[in-house]
Each structure stands twice: as C-alpha cells, then as structure tokens.
Amino acid sequence: MRRLRACLGAAAAVGLAAAGTTALVAGSASGATSALSNRWYAAAPYLMPLDNDPPDPAAIMDATGLKAFQLAFVLAPNGGGCSPTWGGTAAVSSDTAVQSVVNTIRAKGGDVSVSIGGYGGTKLGQVCSDAAATAAAYQQVITKYGLHAIDFDLEEPEYENTAAIKNEIGAAKILQQNNPGLYVSVTTAGTADGTGWFGKQMLLEAKSQGFTPNNFSIMPFDGGFNGAASQTSALANFNQILQSTFGWDQATAYAHEGFSGMNGRSDTGEFFTQTDFQTVLDYATSHNMDRFTFWSLNRDRQCTPADNGGRTSGTCSSVAQNSWDFAKYSVKFAGATPPTSTPTPTPTPTPPSTGCKPAWSSTAVYTVGNEVSYNNHNWKAKWWTQNETPVASDWGVWQDEGAC
C-alpha cells in the first residue's frame, strides 16, 4: 500500500538563511557520510524504517548492490504542532531508531534521503504558519540526519489544500537555497494524462514561486493503469505538461521528470511485474529521465502462497519473485550492475475472479464503504452519495474495485 502507516515561528527560520550553508556540514559531524552521486538519490526506493515489517537494509545492500534508501514518512505530530515526526508519532528530535537504520546504511557506504508527506496523516505544510516555519521544521530533519537529499511527497489530501501546497513548495525552495547541493524531488499522483488537476495546480505554484527541483515525479498506479504501456504513456503525457507549464523543451522536461512506481499488486488491484519495471526502466533511461523509484522495499518480497495475488500488502508484493527483485531495477538506474541471482520461480498469479456486488441504483443512498456493481465493475463509495453514476475518477465518490 503506497501509503500504509508547536510551530516554529518565522523568526526562527530567518536565521537559516545565514546558517543554511553550513547545515550539511554540521549534519556530517553527527554521522553523515559523504554525498553519493545524485543518480543514487534519484534511484532510492522507499523504505518505511519503523512500520510494515522493516527489512534489514544491510541485507538488501549485500544482495543487490543498492546504496541509497528513501526513508518514509515525516509528518506533523498527531496531537498538533509544527515539529517533525516519523509517522505522526515518533519525534525526530529524540529519535534513535531511525538514526540506527541510517548509521547501518552509511557504515556500508550508502546513504539515505527522507520523504515527507505521503498519503494520509497530517503534513507540516497544513499546520505550520507559513513557508518559513515549514522549512524550519524540515531543516531539523536535514540537520539531525545530515541529509544530502529530500523528497516532498505531495498527494491526497494535502495537495487539495492550496495554502498547504504553497507552504510546502515555499519550504522546498528555502531548503534548496539554504542547503547547497541538496537533491530535491517532488512526487505527486499520476493519471493517464500525466497528473490530475491538483497536480497541475502544484506545478503552477512551483512556477509562480520560481522553484525548480531536481525533478517532479508522478506515481502512475491506483488510477486505472494496466502494466508498463499505460505507465510510459502517462510519463509521455506528463512530459507535455512540464513543457507547457515551464516553457521547457522535451529534453529539458525529461531531465526534470521522474517515475515512482508500485511493485506488485497496487492498492486498487493493478499488477506491475518485473517485466513492467524493466520496460519503464528502459523508457526512463532512453529518455534521460532524472528519477526512477518505487514503493516499497518493505513490499519487495514474495507473499505466502495463500496471499499471492489475492490482496495488497504493505509487507509483500503479491507477485511471484525472489526477495529484492525490484530493488535491482533501481540499482540499474543508478548505473550499477546488481549481482546475478536465480530466475523468478513462477509467473505472476492470476487474480481471483470476483463476484458482482448488488447493482447500483440511482435512487438509493450510499454511505462510505457501501459496494455496488455497475458496467461489470465493482465500486466502493468513499463518502455519502446519491444518484452519482460510478465512473473511474481520482476525485469522484466511487473507487473502482475492478472487473466482476
């Protein structure tokens, strides 16, 4: 599952402008390694270090040659306030558990980026007073872990909040300015035409603030996608959006574009196999794209036979695989060669057939969680509705649960 899991005043952030140029150096004193090449941060797959049965990063590094990890997710505290936490519960300021994971990775010559946001939870951009306060909160994370890279994962429900997105983009720009050499990615939802209305509004906000990250990445899954061809089509369409928004030519747009996939079975029952990953990898490298990553390493292992293909899990992929198969595509994108391994044992399992739910009625009232069938698909209501025809839409009331 892609996203299974007191404000600092503006005055506090002002000092960062002067101190920011030394932020990475100060962080290095507390255990940071020398920066890797940006290509490694661009290839870093997501890893939840505290949830979803975290795998041993050292074992992944040994098995695949992977050097960089995208640790997820930093959020605002569940109880309120403008200070960074892991998952809304574990304060960054007092953290030792994630620091231990970081130390393990760095001891083997690797490094980490940290992702902020994700799906669900309260984001700092929603609760901090302005961009400067938001940046000050994120600077604590950069300094604590001596970061050379950071990812802004801007998606539901935050990216529907104009003020929050203004804070996040403003914070990203401040961090970029105050931490020279910091690799900054911005990740958002993908749709068949590239990205949806809110994603396009986020790009316009970045343009209005004069902010250009290393890349804008889309997540082409959970939106009616079906394998690699639909994903590469979305990437081509997103490239057009980047061109029209920023006035870039095609090559420049691809140089600022990234892919963030989901390995195995997605939240909505789509399947993305190793073959799909190879196809998208070939597309990304042949078009000189800046980023290729996926959600997540926690899922980069095979489920038990009873679960294969039948559910989406935060701890396994629901496709036939060897452990860390998908991580090796990230290694290839970084320009390294993974160790050889035995072939994947069996083909991807066929999802079990699904019976149709009761037929949708235009006169019935449906509430959250109610399921219906319409046009040979099952649908689940996201909130109260009446007389709204089930259609596939990121923003509509109905969630498509697949054919029946």
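What comes next is a walk through the structure. In this numbering scheme, every chain counts its residues from 1 along its sequence in written order. A pLDDT threshold of at least 70 governs which residues receive local features in this predicted model, and a stricter bar of 80 or more applies before side-chain atom pairs are shown or counted, although totals over entire chains, interfaces and linings include all residues. Think of the side-chain values as coming from all heavy atoms in the structure, minus any hydrogens and water.

1. So, the pairing of strand β8 (residues 215–219)
Short version of the rule: Burial classes: relative accessible area under 20% of the type maximum marks a residue as buried, over 50% as exposed, and values in between as partly exposed (1.4 Å probe, protein chains only). Secondary structure elements are taken from DSSP: a helix is a run of H or I of four residues or more, a strand is a run of E of two residues or more, and numbering for both begins at the N terminus. Only strands joined by at least two bridges in the DSSP assignment are considered to pair.
Counting buried positions along β8 yields 5 of 5 residues, so the element is predominantly enclosed. On β8, burial covers both faces: N215, S217 and M219 on one face and F216 and I218 on the other are all buried. Sheet topology note: the strand β7 (residues 183–189)/β8 ladder contains 5 bridges and is parallel. Its bridge partner being in β8, T188 is matched across the sheet by I218. Relative to strand β9 (residues 257–262), β8 runs parallel, the two sharing 3 bridges. Directly across from F216, in β9, lies its bridge partner E257.

2. A word on the state of the cysteines
Put simply, the rule reads: Here, a disulfide means two cysteine sulfur atoms that sit within 2.5 Å of each other.
If you walk through the whole model with that rule in mind, you get 3 disulfides. The disulfide partner of C82 is C128, and the S-S distance across this bridge is 1.9 Å. A torsion of 100° about the S-S bond marks the disulfide between C82 and C128 as right-handed. Here C82 is found in the loop between β2 (68–75) and β3 (85–86), whereas its partner C128 is found in the loop between α6 (124–127) and α7 (131–145), with 46 residues between them in sequence.

3. Topic: the sheet that holds strand β17 (residues 398–403)
Under the convention used in this document: Axes here mean lines fitted to C-alpha atoms, for a helix over just the part in contact, with angles spanning 0 to 180 degrees between N-to-C directions.
Read across the sheet, 3 strands follow the order β14-β15-β17 without closing on themselves; strand pairing throughout is antiparallel. Edge positions in the sheet fall to β14 (371–374) and β17, since each of these pairs with one other strand and no more. Each neighbouring strand pair of the sheet contributes to a mean axis angle of 30°, computed without reference to strand direction. Where β14 and strand β15 (residues 377–381) come together, 4 bridges link them in antiparallel fashion. What sits directly across from V372, in β15, is W379.

4. Some points on unusual backbone geometry
Following A72, the chain continues into F73 via a peptide bond in cis, with omega recorded as -10°. Cis geometry is found at the peptide bond from E156 to P157, where omega equals -10°. Looking at the element boundaries, P157 is found in the loop between β6 (149–153) and α8 (162–178). Within the chain, D53 stands out as a residue other than glycine whose phi angle is a positive 50°. As for its position among the elements, D53 is in the loop between β1 (46–47) and α4 (57–64).

5. Side note on the pattern of salt bridges
Under the convention used in this document: Only one rule defines a salt bridge in this text: a Lys or Arg side-chain nitrogen within 4 Å of an Asp or Glu carboxyl oxygen.
Scanning all chains against the criterion turns up 6 salt bridges. Notably, a salt bridge pairs D151 with R291, separated by 3.7 Å at the nearest N-O pair. Residue D151 is found in strand β6, and its partner R291 is found in strand β12 (residues 291–295); the two are separated by 140 residues along the sequence. Of the two residues examined, D151 and R291, each falls in the buried class. Here K357 and E371 are joined by a salt bridge, their closest N and O atoms 3.7 Å apart. Here K357, found in the loop between α13 (327–333) and β13 (365–366), pairs with E371, found in strand β14; they are 14 residues apart in sequence, far enough to count as distant. Look at E371 and you get partly exposed, because its relative accessible area is 31%.

6. Some details on the nonpolar core
Side chains of nonpolar character tend, in soluble globular proteins, to be buried together. Applicable threshold: Here, nonpolar core refers to any group of buried Ala, Val, Leu, Ile, Met, Phe, Trp, Tyr and Cys residues whose side-chain atoms link them within 4.5 Å. What makes two residues a contact is simply this: any of their non-hydrogen atoms within 4.5 Å.
Counting residues in each nonpolar core, the largest one holds 96 residues, and the members touching the most others are F69, L71, F152, F216 and F292. Apart from the residues lying within four places of it in its own chain, the contact partners of F69 are A44, P45, L47, P57, I60, M61, I105, D111, V112, S113 and L297. Core analysis: the next-biggest nonpolar cluster, separate from the first, contains 7 residues, W360, Y366, V372 and A381 among them.

7. Looking at the side chain of N167
Residue placement: N167 occurs in helix α8. Residue classification places N167 among the buried positions, given a relative accessible area of 10%. For N167, the residues in contact, after removing those within four places along its chain, are G125, C128, S129, D130, A131 and T134.

8. Here's the deal with α7
We apply this condition: Residue count minus one, scaled by 1.5 Å, sets the expected span of a helix. Side-chain atoms alone can form a polar contact between residues adjacent in sequence; in general such a contact is a pair of N or O atoms within 3.5 Å, and within protein one must be able to donate a hydrogen while the other accepts it.
Along its 15 residues, α7 runs 21 Å from first to last C-alpha, staying within 8% of the 21 Å computed at 1.5 Å per residue. In terms of burial, α7 is a largely internal element, 11 of the 15 residues being buried. Regarding α7, its N-cap is D130, as a side-chain oxygen of that residue lies 3.2 Å from the backbone nitrogen of A132 further along. Of the residues one or two after α7, G146 is the one with positive phi, at around 60°.

9. A word on the packing of α8 against helix α9 (residues 197–209)
We apply this condition: In what follows, roughly perpendicular refers to angles from 65 to 115 degrees, roughly parallel to angles under 35, roughly antiparallel to angles over 145, and oblique to any angle outside these ranges. Less than a right angle of anticlockwise turn of the near helix away from the far helix marks a crossing as left-handed, whereas a clockwise turn marks it as right-handed. Any residue outside Ala, Val, Leu, Ile, Met, Phe, Trp, Tyr, Cys, Pro, Asp, Glu, Lys and Arg is labelled polar, Gly included; the first ten of those are nonpolar and the last four are charged.
Across the interface, α8 lies against α9 with an axial gap of 10 Å and an inter-helix angle of 45°. Relative to α9, the element α8 lies oblique. As for the relative orientation of α8 and α9, their crossing is right-handed in sense. Across the interface between the two elements, I165, K166, I169, G170 and K173 of α8 pack against M202, E205, A206 and Q209 of α9. By residue class, the composition of the contact of α8 with α9 is 4 nonpolar, 2 polar and 3 charged.

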